[in-house]
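Below, each chain spelled out in residue letters.
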Amino acid sequence: MQSSGHRFRDVEHHPLLAENDSYDSSSSEADMAERVWFIRDGCGMVCAIMTWLLVVYADFVVTFVMLLPSKDFWYSVINGVLFNSLAVLALSSHLRTMLTDPGAVPKGNATKEYMDNLQLKPGEVIYKCPKCCSIKPERAHHCSICKRCIRKMDHHCPWVNNCVGEKNQRFFVLFTMYIALISAHALILCGFQFFSCVRGQWTECSDFSPPVTVILMIFLCLEGFLFLTFTAVMFGTQIHSICNDETEIERLKSEKPTWERRLRWEGMKSVFGGQPSLLWINPFAGFRIRRLLLRAKKGGPEFSV
């Protein structure tokens, strides 16, 4: 095997390196499974915290500026429950995206012992990443921030402080969807609130003074519009990529598919799992608190970047 910096062309991909297979010839992956995944990247952590603060700010304005002062009890209850439920789902999806292993290839598995175990045939070519010294499955790409090769890597998103890859793309799609929904909901509520305040000449429309109310609502409108635009575009892009079985990196690099594509519903089922159901939009599906606590006690953060 060569050791040059470029990725080798796959002439005959070895069965052990297929996309859905895992490397289990050493204890590296078993050790990785016992640790909590978290990327210690300064920019990513700041962006993740900002995301939470902006959602909390929107919840504060919607709840305490617009809904609680309202004289319509059922209007406040229904919109309050709906908005806060969407906010919880959005932040839960954000946590699942950030703390889920996106599909990292075990680091340093390109050893002579492992190569001998592969029993490669003469002329057979495989991928090797010179940066993390790992044998790359098909469609894996190296992330310079995570410092790992990621299976079906779509992109690295600083807002979730993680790569979007094979194992956490579903949660990223849910995150963009729920953020877009609460942004649209906040904009609609702002429109009703402005109309109500103007009609009542800004008397008793809020517990805050009119100037403070206007400033808070204008900032919420700007935040909602920007978040709605960004997340709606990202959601559409992700769904398009899933339905065409093509990651963003593969699209930008115009890589010709060497794999059997799973188009439309087959692609959706491979990412979200099983037949269409409410579990597709549930970020808590498959979550085990006990397993997470055990991993946290055993190893702490998987990465320190």
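Here, the structure is the one placed above.
Quick caveat, the model's predicted, so the values are computed rather than measured. (Residues numbered from 1 in each chain as written. Predicted model: local features only at pLDDT ≥ 70, side-chain atom pairs only at ≥ 80, totals over all residues. Heavy atoms only, no water.)

Participant: So what's going on with the overall build of the protein chain? Residues and values would help.
Facilitator: Regarding its fold elements, the protein chain presents nine helices and six strands. The 305 residues of the protein chain split such that 45% are buried. Long-range pairs, those at least 24 residues apart, make up 74% of the contacts in the protein chain with a sequence separation of at least 6. Element-wise, carbon and sulfur atoms account for 63% of the exposed surface of the protein chain, whose accessible area totals about 16500 Å². (Helix = DSSP H or I, 4+ residues; strand = E, 2+ residues; numbered from the N terminus. Buried < 20%, exposed > 50% of the residue type's maximum accessible area, 1.4 Å probe, protein only. Contact = heavy atoms within 4.5 Å. Areas by Shrake-Rupley, 256 points an atom, 1.4 Å probe, with all protein chains shown as cover.)

Participant: Before we move on, could you go through helix α6 (residues 210-243) and cite the residues and values that matter?
Facilitator: Along its 34 residues, α6 runs 48 Å from first to last C-alpha, staying within 8% of the 50 Å computed at 1.5 Å per residue. Turning to α6, the residues buried within the fold contact α2 (42-67), β5 (155-157), β6 (162-164), α5 (169-199), α7 (248-252) and α8 (265-272). Downstream of α6 by one or two residues, D245 has phi in the positive range, about 50 degrees. (Expected span 1.5 Å × (residues − 1).)

Participant: Report on the pairing of strand β4 (residues 148-151), specifying residues and quantitative values.
Facilitator: The alternating pattern of β4 places R148 and I150 and C149 and R151 on opposite faces, both of which are buried. Both strand β3 (residues 140-143) and β4 contribute to a ladder of four bridges, which runs antiparallel. Counterpart to C143 in the pairing with β4 is R148. Counting the residues in the hairpin turn of β3 and β4 gives four residues, including K147, whose phi is positive at 60 degrees. (Pairing = 2+ DSSP bridges.)

Participant: Any details on the nonpolar core? Residues and values, ideally.
Facilitator: Of all hydrophobic cores here, the largest spans 37 residues; its most connected members are V61, V62, M66, F172, I179, L220 and F272. Of all the elements in the fold, those that place two or more residues in this core are α2, α3 (73-99), α5, α6 and α8. Sort the elements by how many residues they give to this core and α5 lands first, with ten residues. Every residue in contact with F172, bar those within four places of it in the chain, is listed here: T97, H155, C157, V160, V164, M234 and Q238. (Core = buried A, V, L, I, M, F, W, Y, C linked by side-chain atoms within 4.5 Å.)

Participant: Tell me about α5, and please be specific about residues and values.
Facilitator: Along an α-helix, residues three or four positions apart point the same way, because every turn accommodates 3.6 residues. Taking 1.5 Å as the rise per residue, α5 with 31 residues should run 45 Å; its terminal C-alpha atoms sit 45 Å apart, in good agreement. Looking one or two places after α5, you find Q201, whose phi comes out positive at around 55 degrees.

Participant: An account of the packing of aromatic side chains is requested, with residue identities and associated values reported.
Facilitator: Two aromatic rings are characterised by how far apart their centres lie and by the angle between their planes. One pass over the full model with this rule turns up seven aromatic pairs. Aromatic side chains F60 and F208 sit 6.2 Å apart centroid to centroid with 75 degrees between the ring planes, which places their arrangement in the edge-to-face category. Note that F60 is positioned in helix α2 and F208 in the loop between α5 and α6, a separation of 148 residues in sequence. Classification of F208 by relative accessible area gives partly exposed; the value is 32%. Connected via pairs of aromatic rings, a cluster forms that spans F60, F64 and F208. (Phe/Tyr/Trp six-rings, centres within 6.5 Å; stacked < 30°, edge-to-face > 60°.)

Participant: Residue-level account of the packing of α2 against α6, with values.
Facilitator: Running from N to C, α2 and α6 cross one another at 135 degrees; their axes reach a closest spacing of 10 Å. In terms of orientation, α2 and α6 fall into the oblique class. When the axes of α2 and α6 are compared, the crossing they make is left-handed. Contact residues: L54, V55, Y57, A58, V61, V62, V65 and M66 in α2; T213, L216, M217, F219, L220, E223 and F227 in α6. Counted by class, the contact of α2 with α6 contains 13 nonpolar, one polar and one charged residues. (Axes fitted to C-alpha atoms, helices over the stretch in contact; angles between N-to-C directions. Parallel < 35°, antiparallel > 145°, perpendicular 65-115°, else oblique. Left-handed = near helix turned anticlockwise from the far one by under 90°. Nonpolar A, V, L, I, M, F, W, Y, C, P; charged D, E, K, R; others polar.)

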